[in-house]
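Remarks on the overall topology
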Amino acid sequence: MSDPIEETQTLEPHAEPQAVDGEPVDLVARDEPGDDLVAPPPLDSDPRVPRIAAHVRGILTELGLDLEDPNLAETDRRVARMYLEMFHGLEQGAKPKVTTFPNDEGYSHMVMEKNIPFYSMCAHHLVPFYGHAHMAYIPRDRIVGLSKFARILEFYAKRPQLQERLTEQVVNCLEQQLEPLGAVVVIEARHLCVEMRGVKKPGALTTTSAIRGIFHQRPVREEFLDLLRR
């Protein structure tokens, strides 16, 4: 795997980071009960469903489709409900509560979660892009439960999105919540706007990365990439 992260600057030296293999699980894997995404309201009772459905019916009509076709009878409402589900990250109160814990053990090496699946919608064409994110940080005074990596990613993915912006939003959230020595996020995704339309290149993979703090140092970055290849 080629290095998706370009070297940009050198920070002050830091003790050589180690992989988390062999370390006690409770250093990195604690979570509080109920610390989760806010559940979306029942979609059938959402007053926006009929309003969105009316616009969808207009699109179908302009395309010359027969709305009397049984297969299209509920398509407008199905699409409306789908949009509200896919764009749930825009809802007020949808941001997950990211509970952190004191780093009482003084853990100062890399914490990494890789191959976290996600689905989002391209802001340019409103068609899906999907793939996996790889996230890591080196703690300072606070650590976070591992499930929160996926919660943060899902929150920012559930909206019309750009992969570049998604990558930056996730790493910025890690920085703000943890104030770590460093953080890195790499996202690899397939975009249906590339595969289904335009250049029509099935299987094309887009990789984006964002790094903060000590991950600008080559040895730290190379350790992250080494763990990513395993």
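What you are looking at is a predicted structure, and each value in this text was computed from that prediction instead of being measured. (Residues numbered from 1 in each chain as written. Predicted model: local features only at pLDDT ≥ 70, side-chain atom pairs only at ≥ 80, totals over all residues. Heavy atoms only, no water.)

**Thoughts on the pairing of strand β3 (residues 128-138)**
Of all eleven residues making up β3, eight are buried, and the element is well covered by its neighbours. Pairing of β3 with strand β6 (residues 182-191), which is carried by ten bridges, proceeds in the antiparallel orientation. The residue bridging Tyr137 from the neighbouring strand is Ala183, located in β6. (Buried < 20%, exposed > 50% of the residue type's maximum accessible area, 1.4 Å probe, protein only. Helix = DSSP H or I, 4+ residues; strand = E, 2+ residues; numbered from the N terminus. Pairing = 2+ DSSP bridges.)

**Regarding the sheet that holds strand β2 (residues 111-122)**
What links the strands of a sheet is backbone hydrogen bonding, and the strands pair in either a parallel or an antiparallel sense. What the five strands build is an open sheet, ordered β5-β2-β3-β6-β7; its pairing is mixed. In the strand order of this sheet, the two ends are held by β5 (160-161) and β7 (206-213), each with one partner. On the sheet, helix α3 (residues 147-157) packs against β2, β3, β5 and β6 and is oriented at approximately 20° with respect to β2. (Contact = heavy atoms within 4.5 Å. Axes fitted to C-alpha atoms, helices over the stretch in contact; angles between N-to-C directions.)

**Considerations on the environment of Pro96**
Following the sequence through the fold, Pro96 ends up in the loop between α2 (75-86) and β1 (100-102). Judged by relative accessible area, Pro96 falls into the buried class, the value being 8%. Between the C-alpha atom of Pro96 and that of Phe155, which follows or precedes it by 59 residues, the distance is 7.2 Å.

**So, the confidence of the model for the protein chain**
Across the protein chain, pLDDT averages 87, with 82% of residues at or above 70. Long-range and interchain partners of residues 6-30, a stretch whose pLDDT sits below 50, account for 50 contacts in this model, where long-range means more than four residues apart. (pLDDT = per-residue confidence, 0-100.)

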